[in-house]
Amino acid sequence: MTFEPTRAAGLARLNEFTPRAAKQYGSQRNFDLGSTQQSAVSKLSPWIRHRLVTEQEVLARILGAHPPAEAISFVQEVFWRGYFKGWLEQHPSVWDSYLTGLNMAQESLGNDYADAISGRSGIACFDHWCTELIQTGYLHNHARMWFASIWIFTLRLPWELGADFFLTHLIDGDPASNTLSWRWVGGLHTKDKTYLASASNIARFTNGRFEPLGQLAETADALIEPFDHPLVPLPPAQHKTVDDALLLITQEDCTPQTFIAGRPLGVLNIVSPRNAGLAADFTQHGVSQASDTLVISDDWTTAIIDAAQHAKTNHVVTAYAPVGPVATALTLAKATLSKKGIELHQTRRPYDNLTWTHATAGFFKLRKKIPQILRDLDLG
Ligand SMILES: Cc1cc2nc3c(=O)[nH]c(=O)nc-3n(C[C@H](O)[C@H](O)[C@H](O)COP(=O)(O)OP(=O)(O)OC[C@H]3O[C@@H](n4cnc5c(N)ncnc54)[C@H](O)[C@@H]3O)c2cc1C
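Described in the following lines is the structure provided in the data block.

Parameters and conventions
The written sequence of each chain sets the order in which its residues are numbered from 1. Only residues with pLDDT of at least 70 are given local features in this predicted model, and only at 80 or more are side-chain atom pairs given and counted; all residues enter the totals for whole chains, interfaces and linings. The side-chain quantities take in all heavy atoms of the structure and omit both hydrogens and water. Strands here are runs of E lasting at least two residues and helices are runs of H or I lasting at least four, both read from the DSSP assignment and numbered beginning at the N terminus. In this description the radius of gyration comes from C-alpha coordinates, and the expected globular size is given by 2.2 Å times residues to the power 0.38. Contact between two residues is taken to exist if any of their heavy atoms lie within 4.5 Å; hydrogens are not considered. With residues, only the protein chains shown are counted as cover, and all accessible areas are computed by Shrake-Rupley using a 1.4 Å probe. Counted charges follow a simple rule, with Lys and Arg positive, Asp and Glu negative, and His plus the chain ends left uncounted. Charge placement uses NZ in Lys and CZ in Arg. For Asp and Glu, CG and CD serve respectively. For every element, the axis is a line fit to its C-alpha atoms; helices are fit only across the contacting stretch, and the angle between N-to-C directions ranges from 0 to 180 degrees. Salt bridges are counted wherever a side-chain nitrogen of Lys or Arg sits within 4 Å of a carboxyl oxygen of Asp or Glu. Only protein chains enter the area calculation, which uses a 1.4 Å probe; residues under 20% of their type maximum are buried, those over 50% are exposed, and those in between are partly exposed.

Another point: the overall build of the protein chain. Check the secondary structure of the protein chain and you find 17 helices and five strands. In terms of overall dimensions, the protein chain is globule-like: its C-alpha atoms have a radius of gyration of 21 Å, near the 21 Å expected for 380 residues. In terms of its C-alpha atoms, the protein chain occupies a principal-axis envelope of roughly 65 × 50 × 40 Å. Partitioning the intrachain contacts of the protein chain with sequence separation of at least 6 by distance along the chain shows that 73% fall at a separation of at least 24. A total accessible area of about 16,900 Å² is found for the protein chain, and carbon and sulfur atoms account for 53% of it. If the 33 positive side-chain charges of the protein chain are averaged to one point and the 37 negative ones to another, these points end up 6 Å apart.

What follows is the structure, given as structure tokens:
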């Protein structure tokens, strides 16, 4: 199974999946039949994650083909991504504390960690998912849950190392969905509610491919965090056309031209350097597809200043970068840009504005608003 990093390939995947998005998805989506079998899930996440295809487009296509009541299960899953993004955006200290925990854990890596990330844990299903992740850049949602649960409660490894392993290899690797899902499994997102993988559940939902009897932890005590993460209000949404500006394209949104109006004076496609691999390849090609030029650099400030000067403009417009490495790079650049008289504008998609507002507590709060959000997007 390959993930081609183009919008055309994402739209083709959406077309192919659409007939299966209703009853079949609802009843079969929890089965992980392995990477060589046709799955009930869409495998659209790499394109949606990098906004080569957007949630709004996916919802429009699916709701155009099925009555809402029949596609409800799929529609709700699509909203989970916006929920996690909006929640992390309003609790940014979670990302900082993840990075701090990761740095600390990386200072004392042991053989148990080396065995886990090279598929030598001795638990056949876990080792299989480890290899599948590295070789394909994708894991079924249920496999991600089982993997994270075994990592935390059976292997007793720091969750931050597991989340980092996922972010390195997942083609859909996403700071919000990944960090908050790992925290959810460990009992840090929904306080004290953990996810415990069991041999019988794995056997049932892998169609008997695996049954790790007697190998998994039988209890899952919630991880403890000695502080709360305060809610920080969303910054106001900005609206800016690119007519007199440089358009900055990052991995957070590879198709900003689909919602930011105007013709830019120049375009800068930029990614930070990463180790070679499927995820790095997808990101680089996804970001650069609209043009042949891609800047691969850690020094975004210099690259943006050079590109803005080349385009003879003091305005840089980009799609809003939610909490994560891109947002950090833009925040770092902003002060220096400002000293040079260059203004950075981050424009949010209407879908994000409508969704994130309700992502302040549990998913249920957002779920209740889905019909209204769909109406506001003219999809109701
Ligand atoms: C420990 C763990 C780590 C995860 N890390 C990531 C990650 O880094 N990036 C990522 O995109 N997803 C992550 N997920 C969420 C989920 O597993 C994937 O989004 C999903 O498996 C993608 O496959 P799909 O496109 O076939 O999903 P489908 O079932 O076909 O769902 C359609 C779309 O809905 C969204 N979606 C579905 N389920 C979820 C979910 N649980 N959370 C958020 N969005 C969802 C995705 O955009 C997905 O493409 C993680 C889940 C777990 C348990």
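Two elements in contact, helix α8 (residues 124–136) and helix α10 (residues 159–169), have axes separated by 8 Å at closest approach and are oriented at 35°. On α10, the residues that touch C130, L133 and I134 of α8 are F165, F166 and H169.

Counting across every chain of the model gives 13 salt bridges. For the salt bridge of R29 with E77, the shortest nitrogen-to-oxygen distance reads 3.3 Å. With a gap of 48 residues between them, R29 in the loop between α2 (23–28) and α3 (45–49) and E77 in helix α5 (residues 68–89) connect regions that are remote in the sequence. Here R51 makes a salt bridge to E55, at a shortest N to O gap of 2.9 Å. Per residue, the accessibility class of R51 equals that of E55, and both read buried. Through salt bridges with shared partners, a single network forms among R49, D174 and E252.

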